[in-house]
Amino acid sequence: NNDLWGDINLTAAALFIRENKFEEAITYLGKSLKSTENLRSTATGTIRRDILASKISQYKYLAFSYLLAGKLPESFSTIEKSRARSLAENLSNNYDEIEVVKVSQIQNELDESSAILAFGRLNPKKTSERILQYVITKDFYSAYISDTKTLSSTIQELGTNYSKYQDNQRGIKIETLLSVE
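What counts as what
Residues numbered from 1 in each chain as written. Predicted model: local features only at pLDDT ≥ 70, side-chain atom pairs only at ≥ 80, totals over all residues. Heavy atoms only, no water. Axes fitted to C-alpha atoms, helices over the stretch in contact; angles between N-to-C directions. Helix = DSSP H or I, 4+ residues; strand = E, 2+ residues; numbered from the N terminus. Parallel < 35°, antiparallel > 145°, perpendicular 65-115°, else oblique. Left-handed = near helix turned anticlockwise from the far one by under 90°. Contact = heavy atoms within 4.5 Å. Nonpolar A, V, L, I, M, F, W, Y, C, P; charged D, E, K, R; others polar. Phe/Tyr/Trp six-rings, centres within 6.5 Å; stacked < 30°, edge-to-face > 60°. Buried < 20%, exposed > 50% of the residue type's maximum accessible area, 1.4 Å probe, protein only.

Draft legend 1. Representation of the packing of helix H2 (residues 22–41) against helix H3 (residues 45–55). Where H2 meets H3, the axes come as close as 9 Å, and the angle between the chain directions of the two elements is 165 degrees. With respect to their mutual orientation, H2 and H3 come out roughly antiparallel. H2 and H3 meet at a crossing whose hand is right-handed. Contact residues: H2 offers Thr36, Leu39, Arg40 and Ser41, while H3 offers Arg48, Ile51, Leu52 and Lys55. Residues belonging to the contact of H2 with H3 are distributed by class as follows: three nonpolar, two polar and three charged.

Encoded structure:
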């Protein structure tokens, strides 16, 4: 029953996304995720992990919808929450105990010469596809939708002052060479 309502809410969210009604999509994705988490709370072991793996795209579409609704901090936190849940499941820990980092926390930790470039793939099985890309500095944050080819070329243009980029990586820290305004 939870799974059926989750699927109905996910379908409604998809229709709202298609119509560019992202606030409505956020509402239905939230309901769908609540159904998924209720279902997961009754499962154990590999079944619990498999449910999360099969429904992880809900978090990515929620982050996508938050981003397009202009809610960057919520988008970033949603991507981080999905990663934390996946990690906790893989480690077989209780994910409720994992603290999700907030944009404001990152900004408090950064010095003036550093920036964070974080990204989340909507479909990690594809080699080139749309991604959510976040830029966070001490005093500024922004986000946009990009693709993996654009991300790779952007990173190559940065020169040598960044941590090594790998295809399965979720973010890098760069030393800023120019001020971000």
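Draft legend 2. Quick look at the packing of aromatic side chains. Applying the stated criterion across every chain, the model contains three aromatic pairs. Between phenylalanine 22 and phenylalanine 64, the ring centres sit 6.3 Å apart and the planes meet at 85 degrees, which makes this aromatic pair edge-to-face. Of this pair, phenylalanine 22 sits in helix H2 while phenylalanine 64 sits in helix H4 (residues 57–68), and the two are 42 residues apart along the sequence. Pair check on accessibility: phenylalanine 22 and phenylalanine 64 agree, each one buried.

Draft legend 3. Main features of the side chain of serine 32. Topologically, serine 32 is positioned in helix H2. Dropping the residues within four chain positions of it, serine 32 is found in contact with Gly6, Asn9, Leu10 and Gln58.

These results come straight from atomic positions and should not be treated as a statement about function.
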